[in-house]
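Coordinate analysis (summary)
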Amino acid sequence: MDVGSVRVGVALSDPDPILASPLVTLTRDATGDKDVDQLVELVTEHDVVEVVVGLPRTLKDRHGPAAEAALDYADKVAARIAPVPVRLADERLTTVTASRMLSQRGVKGRKLRAVVDQAAAVEILQAWIDAVAAHRARKGDT
């Protein structure tokens, strides 16, 4: 998940897990938590075994207000989907990377805003999948 103050981008991997794909962009609901309700439904519907939330650290590797908001959101989701684990992943520059990639493909303006959070979520999840696979390869696990 790419957690923002206005939207939450959600991506999903295939069961193996090899490839991350965009799933949906949810509108944040700070007062009623409807977005968290929707995430709980998605976790159940797609038999999710692990949730990865992007942690937006600064370039100096510090926590700012956005990181605190993501941590709070991750805690809220974790409480609702237990025992499914919620992991945090460094997501520095994923939105910038996703925006650049979409712009290069001709997606602009309102269309860009509608999908950039999903694309950032894909970047976060794919990086997580790749890191776990590399770790397992180093350990000799398959």
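See the structure shown above.
Below is a summary of the structure that appears in this document. (Residues numbered from 1 in each chain as written. Predicted model: local features only at pLDDT ≥ 70, side-chain atom pairs only at ≥ 80, totals over all residues. Heavy atoms only, no water.)

1. Quick look at the pairing of strand β2 (residues 7-13)
- Direction of pairing for strand β1 (residues 2-3) relative to β2: antiparallel, over a ladder of two bridges. Residue pairing for β2: valine 3 is matched across the bridge by valine 8.
- Turn length for the β1-β2 hairpin, with the two strands adjacent in sequence and antiparallel, is three residues.
- As consecutive antiparallel partners, β2 and strand β3 (residues 20-27) are separated by six residues. (Pairing = 2+ DSSP bridges. Helix = DSSP H or I, 4+ residues; strand = E, 2+ residues; numbered from the N terminus.)

2. Here we look at the sheet that holds β3
- Read from one edge to the other, the open sheet built from three strands follows the order β1-β2-β3, with strand pairing classed as antiparallel. Both outer strands of the open sheet, β1 and β3, are each paired with one neighbouring strand and no more.
- Pairing analysis gives seven bridges linking β2 to β3, with the strands arranged antiparallel. Across the sheet, residue arginine 7 finds its bridge partner in β3, namely threonine 27.

3. Let's talk about the layout of surface pockets
- In this model, the largest pocket occupies a volume close to 720 Å³.
- Lining the largest pocket are 31 residues, with Ser13, Val48, Val49, Glu50 and Leu125 positioned closest to its centre.
- Elements represented by at least two residues in the lining of the largest pocket include exactly β2, α1 (34-45), β4 (51-55) and α4 (109-139).
- Per-element accounting of the lining of the largest pocket gives the leading share, nine residues, to α4.
- Looking at the lining of the largest pocket residue by residue, the class counts come to 23 nonpolar, two polar and six charged. (1 Å grid on protein atoms, 1.4 Å probe; cavity = no way out; pocket = protein on both sides within 12 Å on 5 of 7 lines; lining within 4 Å. Points joined across faces, edges and corners; volume = space filled by probe spheres on them. Nonpolar A, V, L, I, M, F, W, Y, C, P; charged D, E, K, R; others polar.)

These figures capture arrangement, not role.
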